[in-house]
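Below, each chain spelled out in residue letters.
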Amino acid sequence: MSEDDERQQSPPSDLDFVSNKARNCNATGSGSGHPEFQSAYPDQVLENVLENVLHFLTSKRDRNAASLVCKSWYRVEALTRSELFIGNCYAVSPARATARFTRVRALQLKGKPRFADFNLMPPDWGAHFNPWALAMAKAYPWLEKVHLKRMTVTDDDLATLALLLLGFKELVLVCCDGFGTSGLAIFVNECRQLKVLDLIDSEVSDDETDWISCFPEGESHLESLIFDCVECHINFEALERLVANSPSLKKLRLNRYVSIGQLYRLMIRAPQLTHLGTGSFSPSEIAGQGDQEPDYVNAFAACKSLVCLSGFREIIPDYLPAIYPVCANLTSLNFSYANITAEQLKPIISKCHKLQVFWVLDSICDEGLQAVAATCKELRELRVFPVDPREDGDGPVSEVGLQAISEGCRKLQSILYFCQRMTNAAVIAMSKNCPDLVVFRLCIMGRHRADPVTGEPMDDGFGAIVMNCKKLTRLAVSGLLTDKAFDYIGQHGKLVRTLSVAFAGDSDMGLKYVLEGCPQLQKLEIRDSPFGDAALRSGLHHYYNMRFLWMSSCRLTPSGCQEIARAMPRLVVEVIRSADEEEMDDAVEILYMYRSLEGPRTDLPKFVTIL
Amino acid sequence: MANVLGNEHDLNFKETELCLGLPGGVGGGCGGGNEVDSSPKTTGKRGFSETVDLKLNLQAKETGMDLNKNLGNGSKEKPVSAKDPAKPPAKAQVVGWPPVRSYRKNVMASNKSIGEESEKASSAAFVKVSMDGAPYLRKVDLKMYKSYQELSDALAMMFSSFTMGNYGSQGMIDFMNESKLMDLLNSSDYVPSYEDKDGDWMLVGDVPWQMFVDSCKRLRIMKGSEAIGLAPRAMEKCKSRA
């Protein structure tokens with residue numbers, strides 16, 4: 001069974017469900033009065049036709065629906081599913097997955113819950129790729145693609161993929177950890193057909209291995225090489241050779257150990273790039289002062305296909321004008337590591353008319369956001385990150401910037417906005433100006449902070465968002481919020497699938513509103529909010545439809561959680577303690593629960609108890 | 001001022017204690033903050049933030065204290081706040097809030113000092129530390145420590161199976177006492193050696209602390225018995241400097 005966060009209803013026992021249905025189907029499907037047609041012939045034709053037809057079905061949702069029609073469809077769909085997506089690696093075991101789907105070419109797995117990114121979960125909780133790596137190697141020797149998010153991958157796992165899967169083409173690791181440059185070295189050396197190696201926001205340990213040199217000599221098939229998160233020096237000469245030998249290379253994102261001079265040398269070898277991560281964007285320390293600087297503007301001008309630019313990890317703003325030639329074509333610009341001012345931004349952004357995705361630091365202030373709003377009429381996604389990520393830090397962006405964006409960027413679909421102050425008025429304005437919003441994530445960094453102008457809670461602002469943004473599927477709330485905000489969400493947030501709550505609400509009613517009101521809810525993550533056992537009970541009707549529920553530092557008790565565990569046998573209810581905490585009998589620090597076909601997992605660390 | 005520095009160092013030690021993993025653990029270089037600690041004694045991932053502190057204490061002077069507050073306060077996860085009564089009474093920072101990934105927090109903090117390039121260069125002295133038998137390297141900033149004893153303690157935390165004999169009272173191996181040196185080197189204890197500016201491998205402790213910090217390029221912790229080869233050269237250099 002594959003986990004699918006888009007499914008309308010997906011009880012984990014769909015395997016049982018299907019076989020029941022199948023009995024009915026076989027009984028009626030073959031028609032009456034023609035006993036000779038009960039033979040295999042029409043079924044075989046049907047299956048052949050089905051197989052050909054189902055090859056065209058690519059969406060997970062469609063495939064899951066098709067598999068539920070009858071036994072025959074179930075079987076053929078399982079044979080023809082080539083991309084397997086599993087949203088929670090513990091919901092189904094490798095054995096079960098490989099038994100059902102026998103011809104998988106691409107695997108996508110997700111592990112830890114998102115709050116683990118913020119140090120809320122002790123390390124070594126789980127999500128080990130290892131059992132999957134071994135199972136894949138046995139069951140799918142032709143596997144071409146693996147895409148992992150928040151999983152622990154070891155060097156051995158990388159070796160497994162490289163050595164046992166001939167013709168492996170694509171590895172994407174997002175927010176993963178557990179491996180190092182030695183694992184990468186083996187991997188790149190053995191995967192002769194490698195097209196894509198994308199390491200995104202992952203922790204890679206520095207084992208002092210020169211992995212870039214381990215790419216095989218000669219022409220490579222590389223199309224994408226992303227390693228901007230790798231925090232160690234790389235062998236530049238080897239990288240240069242690699243880029244020169246990769247005529248298909250379209251995406252290259254360098255880490256901060258690549259200087260701007262080195263960037264230049266790479267760019268002139270790869271003018272066909274469409275996605276570039278610039279590395280440090282500053283000169284190396286040993287660059288001579290009197291040396292003639294290369295013509296960076298020319299290098300950028302030569303990259304006529306460049307649409308996505310990122311990096312600028314240690315930016316010297318003087319070099320920014322080099323990117324002017326590509327601005328007009330850019331659809332995606334990531335300045336979220338570049339501490340630049342509004343004045344430094346303006347000449348760039350004023351040329352970026354086609355920009356759809358913009359990530360930036362709040363160092364540009366409200367003024368910078370106004371400049372964005374003035375030019376970027378096609379903007380779909382905006383993320384504003386804090387330079388100073390503290391509760392009581394400076395607040396260079398505010399409701400002024402949000403208001404400006406809402407007025408200028410009417411096509412906005414997704415926003416993540418960190419700020420120190422925000423008003424209901426600005427949020428309401430955005431809800432009206434940007435009706436296409438699908439993702440609204442506002443992080444007012446001061447906990448329990450009210451509207452500074454009215455003194456009111458932020459209930460009305462978020463209420464307006466769920467009321468006016470009819471396509472909203474993802475919401476993150478912050479600031480001072482009462483149960484009323486959750487009432488709004490329960491009443492109007494009918495399409496909401498992912499909800500993040502922190503330091504909000506007054507009582508159990510808050511959580512009840514959401515659990516009873518949001519039928520599409522898949523992922524609910526809550527921290528430090530006053531929701532207790534009674535609230536938890538109100539979601540019993542829905543938990544099988546969800547991927548997971550996370551509640552940390554709320555008001556849950558072990559008996560409350562135990563009740564849920566008893567009521568729902570297909571739910572795994574994990575109670576997690578911080579590693580060095582004493583076991584506390586009367587409070588549950590972290591509750592993480594998820595549906596699963598497998599029951600309690602066998603790789604539990606000692607700080608996790610399954611009820 | 002000395003007290004403040006002292007406090008900072010104490011804080012850092014506690015955080016050093018907690019953040020750096022053991023060899024054979026899942027993580028690796030601490031300089032990049034890539035620790036995922038599998039040791040039951042420590043709480044690694046949290047230590048990721050603390051590794052930040054190790055790196056940044058000198059680079060981001062104005063934020064150094066704040067980061068210390070940030071990491072030391074609030075959160076049930078940290079025994080540090082319970083043990084350290086000298087915590088500045090700033091608003092307690094809560095673990096994992098605001099929800100910004102550690103990687104980003106680290107990069108932001110270190111980028112703040114980008115403007116002070118030359119100061120940065122002189123204010124940190126990162127060297128790689130390898131230990132024979134350990135699969136992963138670590139990095140330390142020598143400027144964090146004021147004496148061999150402090151460095152020794154830190155290294156001991158990092159590689160807890162590694163034991164170092166105590167140095168003499170001045171914190172220097174007594175090179176003039178050949179037999180004492182030989183005892184140390186013949187034991188199965190590990191001793192630290194370092195590569196100096198000339199590319200020579202020397203026993204740690206042969207020169208005054210500050211001179212060591214200035215000349216050390218990398219550290220290697222090797223078995224005492226293997227380090228015997230270093231001793232005579234170390235003694236020669238020492239004598240020639242004396």
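Not measured: the values here are computed from a predicted model. (Residues numbered from 1 in each chain as written. Chains lettered and ligands numbered in written order. Predicted model: local features only at pLDDT ≥ 70, side-chain atom pairs only at ≥ 80, totals over all residues. Heavy atoms only, no water.)

Undergrad: Provide a residue-level description of the overall build of chain A, including the pertinent values.
TA: The number of helices and strands found in chain A is 21 helices and 23 strands. The C-alpha atoms of chain A give a radius of gyration of 26 Å, which matches the 25 Å a tight globule of 611 residues would have. Projected onto its principal axes, the C-alpha positions of chain A cover 90 × 65 × 55 Å. Across the 611 residues of chain A, 57% fall into the buried class. Counted over contacts in chain A with a minimum sequence separation of 6, partners at least 24 positions apart contribute 71%. (Helix = DSSP H or I, 4+ residues; strand = E, 2+ residues; numbered from the N terminus. Rg over C-alpha atoms; globule rule 2.2 N^0.38 Å. Buried < 20%, exposed > 50% of the residue type's maximum accessible area, 1.4 Å probe, protein only. Contact = heavy atoms within 4.5 Å.)

Undergrad: Describe in detail the sheet that holds strand β5 (residues 218-223) of chain B, supporting the description with residues and values.
TA: All names here are of chain B. One open sheet accounts for five strands, arranged β2-β1-β5-β3-β4; its pairing is mixed. Among the strands making up the open sheet, the edge pair consists of β2 (138-141) and β4 (201-203). Between one strand axis and the next, the sheet turns by 35° as a mean value, whatever way the strands run. (Pairing = 2+ DSSP bridges. Axes fitted to C-alpha atoms, helices over the stretch in contact; angles between N-to-C directions.)

Undergrad: Which residues make up the pattern of salt bridges, and what values go with them?
TA: Residue and element names in this part refer to chain A. Per the counting criterion, the structure on display carries 37 salt bridges over all chains. With its nearest N and O atoms 3.4 Å apart, the salt bridge here joins Lys112 to Asp177. Taken together, the positions of Lys112 in the loop between β2 (106-110) and α6 (130-139) and Asp177 in the loop between β4 (170-174) and β5 (179-180) put the pair 65 residues apart, joining distant regions of the chain. The residues Lys112 and Asp177 share a single accessibility class, namely buried. (Salt bridge = Lys/Arg side-chain N within 4 Å of Asp/Glu carboxyl O.)

Undergrad: Explain the UniProt feature "domain: Transport inhibitor response" (unreviewed entry) in chain A residue by residue, including any values.
TA: UniProt's entry tags residues 103-148 of chain A with the feature "domain: Transport inhibitor response" (unreviewed entry), counted in the numbering of this structure. Overall, residues 103-148 of chain A shows 22% helix and 20% strand. The separation of its end C-alpha atoms is 19 Å. (UniProt positions renumbered as here; feature names shortened; annotations may be inferred.)

Undergrad: Can you break down the packing of aromatic side chains residue by residue, with the values?
TA: Inspection of every chain in the model, using the stated rule, returns 25 aromatic pairs over all chains. Ring centres of Trp359 of chain A and Phe385 of chain A lie 5.9 Å apart, and the angle between their planes is 55°; this geometry places the pair in the tilted category. Separated by 26 residues along the polypeptide, Trp359 of chain A in strand β13 (residues 357-361) and Phe385 of chain A in strand β14 (residues 381-385) bring together distant segments of the chain. Every member of this aromatic cluster is reached through a ring pair, and the members are Tyr90, Phe115, Phe118, Trp125, Phe548, Trp550, Tyr592 and Tyr594 of chain A. Sitting over the ring of Tyr90 of chain A, Arg601 of chain A keeps its end group 4.5 Å from the ring centre. The ring of Phe385 of chain A has Arg104 of chain B sitting right over it, with the charged end atom 3.7 Å from the ring centre. (Phe/Tyr/Trp six-rings, centres within 6.5 Å; stacked < 30°, edge-to-face > 60°. Lys NZ or Arg CZ within 6 Å of the ring centre and 35° of its normal.)

Undergrad: Run through unusual backbone geometry, naming residues and quoting values.
TA: A cis amide bond links Trp97 of chain B to the next residue, Pro98 of chain B, at an omega of -5°. Among the secondary structure elements, Pro98 of chain B is positioned in the loop between α4 (79-83) and α5 (102-111). With a phi close to 60°, Asn119 of chain A is a non-glycine residue in the positive phi region. Following the sequence through the fold, Asn119 of chain A ends up in the loop between β2 and α6. Even without being glycine, Phe503 of chain A reaches a positive phi, approximately 55°. Turning to its location among the elements, Phe503 of chain A is positioned in the loop between β18 (498-502) and α19 (508-517).

Undergrad: Give me the confidence of the model for chain B: which residues, what numbers.
TA: Residue and element names in this part refer to chain B. Here chain B averages 58 in pLDDT, and 36% of its residues register 70 or above. Confidence drops under pLDDT 50 across residues 1-90; counting only partners more than four residues distant or on other chains, this segment forms 208 contacts. Confidence drops under pLDDT 50 across residues 161-173; counting only partners more than four residues distant or on other chains, this segment forms 31 contacts. (pLDDT = per-residue confidence, 0-100.)

Undergrad: Help me get a handle on the packing of helix α13 (residues 342-349) of chain A against helix α14 (residues 365-375) of chain A, residues and values and all.
TA: Residue and element names in this part refer to chain A. In contact at an axis separation of 9 Å, α13 and α14 are set at 10° when each is read in the N-to-C sense. The pairing of α13 with α14 is recorded here as roughly parallel in orientation. On the side of α13, the interface is formed by Ala342, Glu343, Leu345, Lys346 and Ile349, while α14 contributes Glu367, Gly368, Ala371, Val372 and Thr375. Taken together, the residues of the contact of α13 with α14 break down into five nonpolar, two polar and three charged. (Parallel < 35°, antiparallel > 145°, perpendicular 65-115°, else oblique. Nonpolar A, V, L, I, M, F, W, Y, C, P; charged D, E, K, R; others polar.)

Undergrad: Quick one: what's the story with the confidence of the model for chain A, residue by residue and with numbers?
TA: Of the residues in chain A, 91% reach a pLDDT of 70 or more, and the chain-wide mean stands at 90. For residues 1-38 of chain A, every residue scores under 50 in pLDDT, and the model assigns this stretch 68 contacts once sequence neighbours within four places are set aside.

Undergrad: So, the state of the cysteines: which residues are in play, and what are the values?
TA: A complete count under the given rule lists zero disulfides over all chains for this structure. Here Cys308 of chain A stays unpaired: no disulfide links it, and the sulfur of Cys352 of chain A, its closest cysteine neighbor, is 12 Å away. (Disulfide = S-S within 2.5 Å.)

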